[in-house]
Each structure stands twice: as C-alpha cells, then as structure tokens.
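Geometric and topological summary
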Amino acid sequence: MAGKLLVEVPEYEVVERVDLPARETAVIVVDMQNDFVNPKGRLFVPTAPKTVEPIKRLLEKARSAGARVFYTQDTHYDDDPEYRIWGEHVRYGTWGWQIVDELKPQPGDIVVMKTRYDGFYGTPLDDLLRVYGIKNTVIVGTVANICVLHTAASAALRWYKVVIPIDGISALTDFDLHATLRQVNWLYKGIIVRSVEGINFT
Ligand code: ZN
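Residues numbered from 1 in each chain as written. Predicted model: local features only at pLDDT ≥ 70, side-chain atom pairs only at ≥ 80, totals over all residues. Heavy atoms only, no water.

1. Re the overall build of the protein
Here is the rule: Each helix is a run of DSSP H or I of at least 4 residues and each strand a run of E of at least 2, with the numbering of both proceeding from the N terminus. Accessibility here uses a 1.4 Å probe with only protein chains present; expressed as a share of the type maximum, an area under 20% marks a residue as buried, one over 50% as exposed, and anything in between as partly exposed. The contact definition used throughout considers only heavy atoms, calling two residues in contact when any of these lie within 4.5 Å. Each accessible area value is a Shrake-Rupley result obtained with a 1.4 Å probe; residue values ignore everything except the protein chains displayed when judging cover. Positive charges come from Lys and Arg alone, negative charges from Asp and Glu alone, with His and the N- and C-terminal ends not counted. Note that the charge is assigned to NZ on lysines, CZ on arginines, CG on aspartates and CD on glutamates.
Check the secondary structure of the protein and you find six helices and ten strands. With the C-alpha coordinates aligned to their principal axes, the bounding extent of the protein is approximately 45 × 45 × 30 Å. Within the protein, the fraction of its 202 residues that count as buried is 51%. In the protein, once contacts between residues fewer than 6 apart in sequence are set aside, the share between residues at least 24 apart is 76%. In the form shown here, the protein has an accessible surface area of approximately 10300 Å², with 54% of it arising from carbon and sulfur atoms. Between the centroid of the 23 positive side chains of the protein and the centroid of its 26 negative side chains there is a distance of 3 Å.

This is the structure in structure tokens:
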C-alpha cells in the first residue's frame, strides 16, 4: 500500500473497574523477556518497558489475593522457522530468552514455554488452568497483536473470560494496539480495563 490510509477505530468498550474472584482467576504474563522488553534485546518493542511497572503492581495484587500467576516464555531453538520472519530471538537459554528481572517469576508461579504466538498451542497451559479451576484470565505482556492477541483468542475460544488492562500491553504501532483491544472486546467479548488499578481480586 502506498501512502497512508486513515481509518477510524470502531467503538469498543473500556471499563474502569472489574472484580474477579481470586481463586478462579489467573494472570497470564506474555513474553516479558529481555529480547522484547530490554532496549538491548534483539526484537525490542519500544513501548514495552513502560508496561513493566503496571504489570508488577498487578502481580503484587494477584499474589497477595491468592490468584495464580502464569508466564509464557517464547522459546526457539536452532533453525526455528520464525527466525526467517523475525530474525533470531529468544533462543533457549540465552539472556534474551529470560524473563526481565523486574518481573522475575516467584515461587508458586508457573512458566510455560511456547514455540509460537499462541500460549496454548502445544503447551500444557489449558490443562493447568483447568486443574486449578480457572475461569478468568487477565492477560498482559507483549506484543499486543501478536502473542497477546493469539493467547487471548485461544483462551476465549476455550471459554475462559479474558480481561486486558490497557496499560499492561504494548504494541509496535497504535493501530496494532487498538486492533487488539477492539478484537478482544468485540469478537471475544473480553473486558478491556483502563488500567491495572481497576482490577480487583475478591
Ligand atoms: Zn518467537
């Protein structure tokens, strides 16, 4: 496409507050790894660092209320086909593959390694959520329209409720961010919350 096409973002609903029963709710932190979140990373997302603090506050709230915390960790090995699309990134065992220090998983958290955009594809995530009786997922992390959206979609298709706080996700463009929020709200009937401060675990 040559030049710029101006489009309007269709309406989607943003709420200020949502109450979620802690025992039936999991926070899923998607791919907050050095390669994506640290400026020295191989696939740095410039808006990702500003989500670290909100995610940290969300995790503190979740853990103290007794909600379970999951992480997805994008993981690739030699000659992964994704390297042809994105270049080498999050190679297993490297610094770039590690979750950022500020959000380091705590004892009791569960880290799920994944090889594609969808946190459910080829992983035990669905089984683990079911084992723990989870009905609601609060999904944060990066990249909004890639791994966050694929994971949110996959959760919604399995009938988990999806909740996304806007300050907990990051994208490469505003278009990608709004497309993600619109898709989650309009198609998957997910709840978009203005900020992590509006999420209450009961
Ligand atoms: Zn990848």
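2. A few points about helix α5 (residues 144-157)
When you tally the buried positions in α5, you get eleven out of 14 residues, the bulk of the element. Note on α5: the residue one or two positions beyond its end, W159, has a positive phi of about 70°.

3. Overview of the pattern of salt bridges
Defined as follows: Take a side-chain nitrogen of Lys or Arg and a carboxyl oxygen of Asp or Glu: if they are within 4 Å of each other, that pair is a salt bridge.
Per the stated rule, a full pass over the model turns up 13 salt bridges. K114 is the salt-bridge partner of D31, the closest N and O atoms lying 2.8 Å from each other. Taken as a pair, D31 in the loop between β3 (25-30) and α1 (34-37) and K114 in strand β5 (residues 110-114) lie far apart in primary sequence, 83 residues in all. Taking the shortest distance from any N to any O, the salt bridge between R158 and D126 comes out at 3.9 Å. Of this pair, R158 sits in the loop between α5 and β7 (161-165) while D126 sits in helix α4 (residues 125-131), and the two are 32 residues apart along the sequence. Relative accessible area serves as the criterion here: at 32%, R158 is assigned to the partly exposed category. Shared partners join several salt bridges into a network, and the residues in it are D31, D74 and K114.

4. Brief notes about the environment of P49
As for its position among the elements, P49 is in helix α2 (residues 49-65). As for P49 and M32, which are separated by 17 residues in sequence, their C-alpha atoms are 9.3 Å apart. Here P49 is in contact with V37 and F44, once residues within four sequence places are set aside.

5. Regarding the coordination of the zinc ion
Put simply, the rule reads: Excluding water, the donors of a metal are its N, O and S neighbours within 2.8 Å, or within 3.2 Å for Na, K and Ca, and that exclusion means sites may look incomplete. All geometry calls rest on donor angles, where a four-donor set with angles between 85 and 135 degrees is tetrahedral, four- and six-donor sets with opposite donors more than 155 degrees apart and all others between 65 and 115 are square planar and octahedral, and all else is irregular.
Coordination of the zinc ion by the protein comes from D74 (OD), H76 (NE2), E82 (OE) and H89 (NE2), over a distance range of 2.1 to 2.2 Å. Coordination geometry of the zinc ion: the four donor atoms subtend angles of 86 to 156° at the metal centre, consistent with an arrangement described as irregular. Here the donor residues of the zinc ion are spaced in sequence according to D-x1-H-x5-E-x6-H. Of this pair, D74 sits in strand β4 (residues 68-74) while H89 is found in the loop between α3 (82-86) and β5, placing the two residues 15 residues apart along the sequence.

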